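The primary structure of each chain is shown beneath.
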Amino acid sequence: METPKTHFDVIVIGSGPGGEGASIKLAKSGKSVAIVERDSFVGGGCTHSGTIPSKTIIHLVQQYAEQKSSRLFNRSQQAKVTAAELLTTVAEVVGQQVRDREGFYLRNDVKVIDGTARFVDTHTIEISDTSANPNRFTADYFVLATGSHPYRPDDIDFDHPRVVDSDTILQLKELPTTMTVYGAGVIGCEYASAFKDLGVRVNLVNTRERLLEFLDEEISNALSYHMRDEQGILIRQNEEYERVEVTDGGVVLHLKTGKVIKSDLLLWANGRSGNSTGMGLEALGIQVDHRGNIAVNAAYQTVQPHIYAVGDIVGFPNLASAAYDQGRFAGTHIVDGYCDDRLVSNIPTGIYTTPEISCLGETERQLTEKCVPYEVGHAFFRNLARGQITGHKAGMLKLLFHRETLELLGIHCFGHNAAEILHIGQAIMAQPVPHNNVKYFINTTFNYPTMAEAYRVAALNGYNRL
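Residues numbered from 1 in each chain as written. Predicted model: local features only at pLDDT ≥ 70, side-chain atom pairs only at ≥ 80, totals over all residues. Heavy atoms only, no water.

A few points about the sheet that holds strand β12 (residues 241-247)
The strand order across the open sheet formed by three strands is β12-β13-β14, and the pairing between neighbours is antiparallel. Edge positions in the sheet fall to β12 and β14 (260-263), since each has one partner strand and no second. Taking the axes of each pair of neighbouring strands and ignoring which way they run, one obtains an average angle of 15 degrees across the sheet. (Pairing = 2+ DSSP bridges. Helix = DSSP H or I, 4+ residues; strand = E, 2+ residues; numbered from the N terminus. Axes fitted to C-alpha atoms, helices over the stretch in contact; angles between N-to-C directions.)

Quick word on the packing of helix α1 (residues 17-28) against helix α7 (residues 320-336)
Here α1 crosses α7 at 35 degrees, and the two axes come no closer than 7 Å. As for how α1 packs across α7, the hand of that crossing is right-handed. Here Pro17, Gly18, Glu20, Gly21, Ala22, Lys25 and Leu26 of α1 lie close against α7, whose contacting residues are Ala320, Ala323, Tyr324, Gly327, Arg328, Gly331, Thr332, Ile334 and Val335. Residues of the contact of α1 with α7, tallied by class, amount to eight nonpolar, five polar and three charged. (Left-handed = near helix turned anticlockwise from the far one by under 90°. Contact = heavy atoms within 4.5 Å. Nonpolar A, V, L, I, M, F, W, Y, C, P; charged D, E, K, R; others polar.)

Description of the environment of Ala139
Mapped onto the elements of the fold, Ala139 is located in strand β6 (residues 135-144). Ignoring sequence-local partners within four residues, the contact set of Ala139 consists of His7, Phe8, Asp9, Val10, Ile11 and His123.

With respect to the layout of surface pockets
Space inside the second largest pocket adds up to approximately 680 Å³. Contributing to the lining of the second largest pocket are 24 residues, with Ala65, Glu66, Ser69, Gly391 and His392 lying nearest its centre. Ranked by the residues each element gives to the lining of the second largest pocket, the list is headed by helix α3 (residues 51-69), at five residues. Taken together, the residues of the lining of the second largest pocket break down into five nonpolar, eleven polar and eight charged. (1 Å grid on protein atoms, 1.4 Å probe; cavity = no way out; pocket = protein on both sides within 12 Å on 5 of 7 lines; lining within 4 Å. Points joined across faces, edges and corners; volume = space filled by probe spheres on them.)

Brief notes about the packing of α3 against helix α4 (residues 83-107)
One can describe the packing of α3 onto α4 by two numbers: an axis separation of 9 Å at closest approach and a directional angle of 135 degrees. By the angle class used here, α3 and α4 are oblique. Crossing geometry of α3 relative to α4 is assigned as right-handed. On α4, the residues touching Ile52, Pro53, Thr56, Ile57, Leu60 and Val61 of α3 are Leu86, Leu87, Thr89, Val90, Val93, Val94 and Gln97. Residue classes in the contact of α3 with α4 are distributed as ten nonpolar, three polar and no charged. (Parallel < 35°, antiparallel > 145°, perpendicular 65-115°, else oblique.)

Section: the nonpolar core
Counting 63 residues, the largest nonpolar core has Ile169, Leu204 and Met227 as the members making the most contacts within it. The element contributing the most residues to this core is α3, with six residues. Leu204 has contacts with Val181, Gly183, Ala184, Gly188, Cys189, Ala192, Leu211, Met227, Ile233, Leu234, Ile235 and Arg236, leaving out every residue within four places of it along the chain. Counting 25 residues, the second-largest nonpolar core is a separate cluster that includes Leu397, Leu399, Ile428 and Ala459. (Core = buried A, V, L, I, M, F, W, Y, C linked by side-chain atoms within 4.5 Å. Buried < 20%, exposed > 50% of the residue type's maximum accessible area, 1.4 Å probe, protein only.)

Regarding the environment of Ala34
You can see Ala34 is positioned in strand β2 (residues 33-37). By relative accessible area, Ala34 is classed as buried at 0%. Contact partners of Ala34, with chain neighbours within four places excluded, come to Phe8, Val10, Ile11, Val12, Val110, Lys111 and Ile113.

Some thoughts on the pattern of salt bridges
It is possible for side chains bearing opposite charge to pair when their charged atoms get close. Taken as a whole and assessed by the stated rule, the structure comprises 18 salt bridges. In this structure, the salt-bridge partner of Lys370 is Glu362, at a minimum N-O distance of 2.5 Å. On the accessibility criterion, Lys370 (51% relative accessible area) is exposed. A salt bridge links Glu453 to Arg456; its shortest N-O distance comes to 2.5 Å. A relative accessible area of 28% means that Arg456 is categorised as partly exposed. Each of Asp216, Glu218, Glu364 and Lys398 takes part in one network of salt bridges that share partners. (Salt bridge = Lys/Arg side-chain N within 4 Å of Asp/Glu carboxyl O.)

Digging into the pairing of strand β10 (residues 201-205)
Counted residue by residue, β10 has four buried out of five residues, so it is predominantly covered. In this region the chain leaves strand β9 (residues 178-182), passes through helix α5 (residues 186-197) and returns to the parallel neighbour β10; the handedness of that crossover is right-handed. Bridge analysis of β10 against strand β11 (residues 234-236) gives three bridges, and the strand direction is parallel. Looking at the pairing, Leu204 lines up with Ile235 of β11. In the classification by handedness, the crossover that spans β10, the intervening helix α6 (residues 217-230) and the parallel β11 is right-handed. (Right-handed = clockwise from strand over helix to strand, strands pointing away.)

Structural notes on the sheet that holds β10
Within the open sheet, the five strands sit side by side as β8-β15-β9-β10-β11. Their pairing is parallel. What marks the edges here is a single partner per strand, and that holds for β8 (163-164) and β11. Here β9 runs beside strand β15 (residues 265-268); their pairing, made up of four bridges, is parallel. Residue pairing across strands places Met179 opposite Leu265, the latter belonging to β15. Lying over the sheet, α5 contacts β9, β10 and β15, oriented at roughly 165 degrees with respect to β10.

Some thoughts on the packing of aromatic side chains
Scanning all chains against the criterion turns up seven aromatic pairs. Measuring from ring centre to ring centre gives 4.9 Å for Tyr241 and Trp268, while their planes differ by 85 degrees; the resulting arrangement is edge-to-face. With Tyr241 in strand β12 and Trp268 in strand β15, the pair connects residues that are 27 residues apart, well separated along the chain. Measuring from ring centre to ring centre gives 5.5 Å for Tyr440 and Phe441, while their planes differ by 80 degrees; the resulting arrangement is edge-to-face. (Phe/Tyr/Trp six-rings, centres within 6.5 Å; stacked < 30°, edge-to-face > 60°.)

Right, here's the structure in full:
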């Protein structure tokens, strides 16, 4: 009987996007690789509780909302969506994602080890699996890609079924009639928008002065207007909770301003923390901050040069797409001893509210503070033939460009398929000047009618102001 392999060139802890990017890069470079996953299936939080489930639910809800508003929809045939129907489809998509990723590891000879890893010393980890039998493995290098989890204050009872976070909301047995979302970040806004489209009465409590303050102010205001006036979400800005009272009849959120909000369900969506507890990092001199994050250098090395960290556990930008790239970069550094690749300076943001938001580059406020002479071009979807044909007339594309060089400085899109539309401009914005030039959109012939035509309209709108 063959003795099980216990030493690898590299052990990757966590099979989310960061771990996948690192392990596949390393395996294709000829390294012996093992990947440790604490859950029953590979994919990490991104696949099982984060990006994939939430975006699947949002897509299903948007399909339902479009059907209700269709010009050909027979309202007598209107059916209500149930939580079971939503989660059944989510399970199908997640299952397909897991099978795909299992295939990646199998084809690249990456060993998948089930269990929770803890460092015994700088080159040894102990893995406790479901059978409670610890096993020790050694490696020359390690990559920590353990992801993050929703932040939970100690004074809130998350064991009660009426209090959920972005992980446990995927276990709902039935849809609530009323719902309060505490925290109006990306996750909070996305779920508030989706549940409102399902017919749930939604309160959205924002701890800041306006929604998603990192957005261009015009886009943020457009989102607030649409959620409040078009969807009917009750938004309370600049509020903080004092305490949460849970009863069998509902959840009462007490705010510091004296306001009281009662609903059937409370979704806590106020921050995330890195999954670093219990890994034995402190004994190795690897410090963890108050949110569970680890500091790394430009090559994603910790204070132990042979131990790397990527993805949510290193903090910003906390995006699945960026985590995958970080994993590849760390893997390259392990293989070659250096890595000249870096995350792009302008990382696109995709927010899957109804309608979507996507942005790239500078906002008007940032350009003003830097005293950059810029001009603005708008294309409103209600004026585009494609927007009128599809009925997706809410929203706009906004281009910011330099008044003298015509360099594209910022792209801000609010509307249906914004996350897809943005990438057209991204390809031009990534080019060096003079190829990064707003006149590209003016002189390019777009298919008609398309939403891509918004770039020509917005470019002309801004250029004519010059």
